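Coordinate inspection notes
What follows is the residue order along each chain.
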Amino acid sequence: ADRRLADGSPGAAGGTPTMNDRFQSERCRRRVNSLPSYLVPVLASLSEGNGYKQIAAELHLSEMTVRTYIERIYSRLGVQSAVQATRVAVAAEVV
């Protein structure tokens, strides 16, 4: 089975972690750990598939604030979409 890592590179066949997998996971963990603590719940909610309105309601924030926070998350993680951000969060074992 082909497994893709957060950066889109292939993982090891059969799900056995390779040295590169561990390196990528650690790299993702460092990126997520660089996020300010107020952005982590937003990333977690985004990773659950919630939209801006749902995140705003769940975290008692305005929708505009959620949009701004998600832009900051994308920028800090070096990604361009919720799917990519989720992959980084999963690889970092945050969600």
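Since this is a predicted model, take the numbers as computed values, not measurements.

With that out of the way, let us pick up the pattern of salt bridges. All told, the structure shown has three salt bridges when counted by the stated rule. As a salt-bridge pair, Glu 93 and Arg 29 come within 3.6 Å of each other at their nearest N and O atoms. On the criterion of sequence distance, the pair formed by Glu 93 in the segment after helix 5 (82-91) and Arg 29 in helix 1 (residues 19-33) is long-range, its members being 64 residues apart. Since its relative accessible area comes to 62%, Glu 93 is described here as exposed. Between Glu 63 and Arg 67 there is a salt bridge, with its nearest N and O atoms 3.2 Å apart. Of this pair, Glu 63 and Arg 67 both sit in helix 4 (residues 63-77), four residues apart, which is roughly one turn of the helix. Relative accessible area serves as the criterion here: at 33%, Arg 67 is assigned to the partly exposed category. Linked through salt bridges whose partners overlap, the residues forming this network are Glu 26, Arg 29 and Glu 93.

In this section: the packing of helix 3 (residues 52-59) against helix 4. Running from N to C, helix 3 and helix 4 point in directions that differ by 110 degrees, and their axes come no closer than 8 Å. Taken together, helix 3 and helix 4 sit at an angle that is classed as roughly perpendicular. Contacts between helix 3 and helix 4 involve Tyr 52, Lys 53, Ile 55 and Ala 56 from the first element and Glu 63, Val 66, Arg 67 and Ile 70 from the second. Considered class by class, the residues forming the contact of helix 3 with helix 4 number five nonpolar, no polar and three charged.

Parameters at a glance
- Residues numbered from 1 in each chain as written.
- Predicted model: local features only at pLDDT ≥ 70, side-chain atom pairs only at ≥ 80, totals over all residues.
- Heavy atoms only, no water.
- Salt bridge = Lys/Arg side-chain N within 4 Å of Asp/Glu carboxyl O.
- Helix = DSSP H or I, 4+ residues; strand = E, 2+ residues; numbered from the N terminus.
- Buried < 20%, exposed > 50% of the residue type's maximum accessible area, 1.4 Å probe, protein only.
- Axes fitted to C-alpha atoms, helices over the stretch in contact; angles between N-to-C directions.
- Parallel < 35°, antiparallel > 145°, perpendicular 65-115°, else oblique.
- Contact = heavy atoms within 4.5 Å.
- Nonpolar A, V, L, I, M, F, W, Y, C, P; charged D, E, K, R; others polar.

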